[in-house]
Amino acid sequence: QKEVEQDPGPLSVPEGAIVSLNCTYSNSAFQYFMWYRQYSRKGPELLMYTYSSGNKEDGRFTAQVDKSSKYISLFIRDSQPSDSATYLCAMRQRGYSGGGADGLTFGKGTHLIIQP
Amino acid sequence: AAGVIQSPRHLIKEKRETATLKCYPIPRHDTVYWYQQGPGQDPQFLISFYEKMQSDKGSIPDRFSAQQFSDYHSELNMSSLELGDSALYFCASSLVAGGRETQYFGPGTRLLVL
């Protein structure tokens, strides 16, 4: 079993819909949670970074972390065709300690398609 | 704004050959990470460096080695290449800002082993 599980999709929704993307994880040592967006043949781009359980909002994006359930979510409001991409959740155990930090553990990514 | 630079962008090699991938971090970033992303797969962490010293090690094969130089650029050396090494190799660099560390990814080097 992978440490991080994410449904690869594809997930297809109409423009303007609210999108919900999710990941579950098994390692309770993970403390830092991120969502990345990756367009085809491009590097991942950081969207959201969260540490504690709860919600964090940034524009049309809301990240939600539930450490007790080992479950994280990303919500996209008013989805646009330009949001069509692969969305990767990522997490790590340690933060930056001034001596470098550990690598990220990614989910497989969910391929999202926003239909115009 | 300057981004992470990786070279080459594309590389074709044959089995048992060697390859060297280069990464130039964003200026003033002190930490570099290497990831391998196979077709349809999630990025797998290989290795990281902080201030030219190895910081963390992931699933990097023994056939691979890496280092960070005095100008903070990093090179990933891959020997005895196998077909399964065909993948997209990302480099990320990081900076601590506001008490958190953000990894910025480069565009990747696409390696094809024939």
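To be clear, the structure that these remarks concern was listed above.
Before going into details, it helps to say that this report is about the structure given with it. Computed from a predicted model, the values in this text were never measured in an experiment. (Residues numbered from 1 in each chain as written. Chains lettered and ligands numbered in written order. Predicted model: local features only at pLDDT ≥ 70, side-chain atom pairs only at ≥ 80, totals over all residues. Heavy atoms only, no water.)

**A closer look at unusual backbone geometry**
Most peptide bonds are trans, and most residues other than glycine sit at a negative phi. A cis amide bond links glycine 9 of chain A to the next residue, proline 10 of chain A, at an omega of 15°. Positionally, proline 10 of chain A belongs in the loop between β1 (4-5) and β2 (11-14). Backbone geometry at tyrosine 72 of chain B places phi at a positive 75°, although glycine is not the residue there. With respect to the element layout, tyrosine 72 of chain B can be found in the loop between β7 (64-68) and β8 (74-78). One non-glycine residue, serine 80 of chain B, lies in positive phi territory at about 45°. Within the secondary structure, serine 80 of chain B is located in the loop between β8 and β9 (87-97). Given the relative accessible area of 39%, serine 80 of chain B is considered partly exposed. (Helix = DSSP H or I, 4+ residues; strand = E, 2+ residues; numbered from the N terminus. Buried < 20%, exposed > 50% of the residue type's maximum accessible area, 1.4 Å probe, protein only.)

**Topic: the sheet that holds β7 of chain B**
All names here are of chain B. Reading across the sheet, the 4 strands line up as β1-β3-β8-β7 and stay open at both edges, with antiparallel pairing between neighbours. Each edge of the open sheet is held by one strand with a lone partner, namely β1 (5-7) and β7. When the angles between neighbouring strand axes are averaged without regard to direction, this sheet yields 15°. Note: β1 against strand β3 (residues 19-24), 3 bridges, orientation antiparallel. Residue isoleucine 5 lies in a different strand from β3, and its bridge partner there is tyrosine 24. (Pairing = 2+ DSSP bridges. Axes fitted to C-alpha atoms, helices over the stretch in contact; angles between N-to-C directions.)

**Some remarks on the interface of chain A and chain B**
If you look at the interface, chain A gives 24 residues, while chain B gives 27 residues. Where chain A packs against chain B, one counts 0 salt bridges. The interface formed by chain A and chain B contains 6 residue pairs in polar contact (both at pLDDT 80 or more). Elements that contribute at least two residues to the side of chain A that touches chain B include exactly β4 (32-38), β5 (45-50) and β9 (85-92) of chain A. (Contact = heavy atoms within 4.5 Å. Salt bridge = Lys/Arg side-chain N within 4 Å of Asp/Glu carboxyl O. Polar contact = N/O pair within 3.5 Å; in protein donor to acceptor, adjacent residues only side chain to side chain.)

**Things to note about the layout of surface pockets**
Reported here for the largest pocket is a volume of approximately 480 Å³. Along the walls of the largest pocket sit 24 residues, with Gln38 of chain A together with Gln37, Gly38, Gly40 and Gln41 of chain B positioned nearest its centre. If you list the elements that add at least two residues to the lining of the largest pocket, you get β9 and β11 (110-115) of chain A together with β9 and β11 (109-113) of chain B. Taken as a whole, the second largest pocket holds about 280 Å³ of empty space. Contributing to the lining of the second largest pocket are 16 residues, with Glu3, Gly103, Leu104 and Thr105 of chain A together with Phe45 of chain B lying nearest its centre. (1 Å grid on protein atoms, 1.4 Å probe; cavity = no way out; pocket = protein on both sides within 12 Å on 5 of 7 lines; lining within 4 Å. Points joined across faces, edges and corners; volume = space filled by probe spheres on them.)

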